[in-house]
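# Inside the fold
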Amino acid sequence: MTARIAVFGTESTGKTTLARRLADLFAAPWAPEYVRCFWDEHNGVIRDEDLGTIAEGQIENEETAAARADSIVICDTELITNTIWADLLFPGACPDWVRREAERRAPNYALYLLCDTDVEFVDDGQRCFPGTAERERCRQIWRQALIARNLPFVEVSGSLETRLMHAASAIERVAGVIVASPGSTR
């Protein structure tokens, strides 16, 4: 059985960097966040009618990576995040099927790694909430989404190396795998 690990949290919290590093560390496939590709392909324009397409792309990225996995797959976000962003940026526009699919898929993750906002905000053109209070509000929204669904999660904070060490330890405990890469964080 493949353990799905979701790197989770609001924008500019190092999710993609952490997901890539974890995939390297465990020699596991990773599923990139689809909306970044969609953003680039559509010149930074996302409309409410694109939300279903974005969700489909996220599912496809994850399933493609999972098909290559031996024991774990690292997912740079997942569908709950899609629904949260839809609610924040396009209130009332999230397709019902995306919400249903997010709820159906959520319990299939062995672990959610909730990334803290204690890293520098980097504006890459896709970001919406740069202020300290806004970032904290968003962190709480993502955290509450996990708590409300009683999903397994650990919070990761600090430097990338600290996050990597804590995340790797949590994955080892939950998924029963060990670091595969030479030069491990141990």
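This text follows the structure it describes.
Rules and cut-offs
- Per-chain numbering applies: the sequence of each chain, read as written, is numbered from 1 onward.
- With the structure being a predicted model, the display of local features is reserved for residues of pLDDT at least 70 and the display and counting of side-chain atom pairs for 80 or more, all residues being used for whole-chain, interface and lining totals.
- Hydrogens are left out, water is left out, and the side-chain values use all remaining heavy atoms of the structure.
- Centres within 6.5 Å make a pair out of two Phe, Tyr or Trp rings, where for Trp the six-membered ring is used; the pair is then stacked when the planes are under 30 degrees apart, edge-to-face when over 60, and tilted otherwise.
- Helix and strand definitions follow DSSP, with helices as H or I runs of at least four residues and strands as E runs of at least two, each counted in order from the N terminus.
- Buried residues are those whose accessible area, probed at 1.4 Å on protein chains only, stays under 20% of the maximum for their type, while exposed residues exceed 50% and partly exposed ones sit between those limits.
- Only buried residues count toward a nonpolar core. Its members are Ala, Val, Leu, Ile, Met, Phe, Trp, Tyr and Cys residues joined through side-chain atoms within 4.5 Å.

Quick look at the packing of aromatic side chains now. Applying the stated criterion across every chain, the model contains four aromatic pairs. For the pair Phe8 and Tyr112, a centre-to-centre distance of 5.3 Å together with 85° between the ring planes defines the contact as edge-to-face. On the criterion of sequence distance, the pair formed by Phe8 in strand β1 (residues 3-8) and Tyr112 in strand β4 (residues 109-115) is long-range, its members being 104 residues apart. For the pair shown, Phe8 and Tyr112 are each scored as buried. Seen from their ring centres, Tyr34 and Phe38 are 6.3 Å apart, and the 55° between their planes marks the pair as tilted. Remark: Phe38 and Tyr34 occur in helix α2 (residues 34-41); sequence separation between them is four residues, near one turn of the helix. The pair formed by Tyr34 and Phe38 is uniform in burial state, with each residue classed as buried. Members of the aromatic cluster, joined through ring pairs, are Phe8, Tyr109 and Tyr112.

Core analysis: the biggest nonpolar cluster contains 28 residues, and Phe8, Ile80, Tyr112 and Trp142 have the highest contact counts within it. Elements with a contribution of two residues or more to this core: β1, α3 (51-67), β3 (72-76), α4 (79-89), α5 (96-105), β4 and α6 (132-148). Grouped together as the second largest cluster of nonpolar side chains are 23 residues, Ala28, Ile72, Ala170 and Val179 included.

This is a description of form; function is not addressed.
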